[in-house]
Structure formats: structure tokens, C-alpha cells
Amino acid sequence: MTVAVMWEARAVPGRGEELLAWARAQELPAAPLRRETFRAPQDRVLVITWWDAEPGAEDLPELPEPAEGTVTRAVHRWRFESVGVA
């Protein structure tokens, strides 16, 4: 089964590139099947990792919270179960 872990943060205005560089530099303690990093308007950064795991797995690595003063709110995290690829 494949589980995706999504991590999304919104940087303080003007610090989007810094947050993006920080997110890309974060190493996880295990290698995911795939890792993709995105950016969006309003200095948002999104990282999605894919894992060979059961949907309820609690021990999947996730990116941490960035340093205080870097983001406008707490990081959002979601887990998804793959239901197919088209």
C-alpha cells in the first residue's frame, strides 16, 4: 500500500525562497519512495513524500516545524492513501 504524507507551510512575506531552501535541505531518517517539493503564491511551500506503508502507520518521517519567525502559522500536515494512478 502507498501512503502520501503532505507538509505545507506559508512563509512570512518575502521569506518564501528561504523556506523553500530550508525544506529542500531537510533530510529524513529514511528514504521515501518519492519526494516532491512545490511552491505556490503567497510564499507557500509544499512537500509530498510517498511511502510503502499502511494508511494508519504512525512512524512515517515528516519534515519538522521551521524555525520560529519563518512561517505565518503552524505547518499543515495530512496523510493520504493512494487509490490509483491514471
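You'll find the structure just up there.
Summarised in this report is the structure supplied together with it. For every chain, the first residue of its written sequence is number 1, and the numbers climb from 1 along that sequence. The model is predicted, so local features are restricted to residues of pLDDT at least 70 and side-chain atom pairs to those at 80 or more, both for listing and for counting; the totals for chains, interfaces and linings are taken over all residues. Side-chain numbers here rest on the full set of heavy atoms in the structure, without hydrogens or water.

Below, the discussion takes up the side chain of Gln26. Every helix listed is a DSSP run of H or I at least four residues long, and every strand listed is a run of E at least two residues long, numbered separately from the N terminus. Checked against the element boundaries, Gln26 lands in the loop between α1 (16-25) and β2 (34-40). Contact criterion: two residues are considered in contact whenever any of their non-hydrogen atoms come within 4.5 Å of each other. Dropping the residues within four chain positions of it, Gln26 is found in contact with Arg35, Leu63 and Pro64.

On to the sheet that holds strand β3 (residues 44-52), then. Only strands joined by at least two bridges in the DSSP assignment are considered to pair. Here we have four strands laid out as an open sheet, ordered β2-β3-β1-β4, and antiparallel in their pairing. Edge positions in the sheet fall to β2 and β4 (76-81), since each has one partner strand and no second. When the angles between neighbouring strand axes are averaged without regard to direction, this sheet yields 15°. Inspection of the sheet shows strand β1 (residues 2-10) paired to β3 by nine bridges, in the antiparallel sense. Across the sheet, the residue bridging to Ala4 is Trp50, located in β3. Throughout, an axis means a line fitted to C-alpha atoms (over the contacting stretch in the case of helices), and angles, computed between N-to-C directions, take values from 0 to 180 degrees.

All right, on to the pairing of β3 then. Two strands pair when backbone bridges link them, and β2 and β3 are joined in this way by seven bridges, in the antiparallel orientation. Paired with Arg39 across the two strands is Val45, which belongs to β3. The antiparallel pairing of β2 with β3 creates a hairpin that spans three residues between the two strands, and Gln42 there sits at a positive phi of about 65°.

Here the focus is the nonpolar core. By nonpolar core we mean a set of buried residues, namely Ala, Val, Leu, Ile, Met, Phe, Trp, Tyr and Cys, connected to one another through side-chain atoms within 4.5 Å. Relative accessibility thresholds used throughout: buried, under 20% of the residue-type maximum; exposed, over 50%; partly exposed, between the two (1.4 Å probe, protein chains only). The biggest cluster of nonpolar side chains holds 18 residues, and the ones touching the most others in it are Trp7, Leu19 and Leu60. Those elements giving two or more residues to this core turn out to be β1, α1 and β3. Here the element with the most residues in this core is β1; it accounts for four residues. Ignoring sequence-local partners within four residues, the contact set of Trp7 consists of Leu19, Trp22, Ala23, Val45, Leu46, Val47, Leu63, Pro64, Pro66, Val75, His76 and Arg77.

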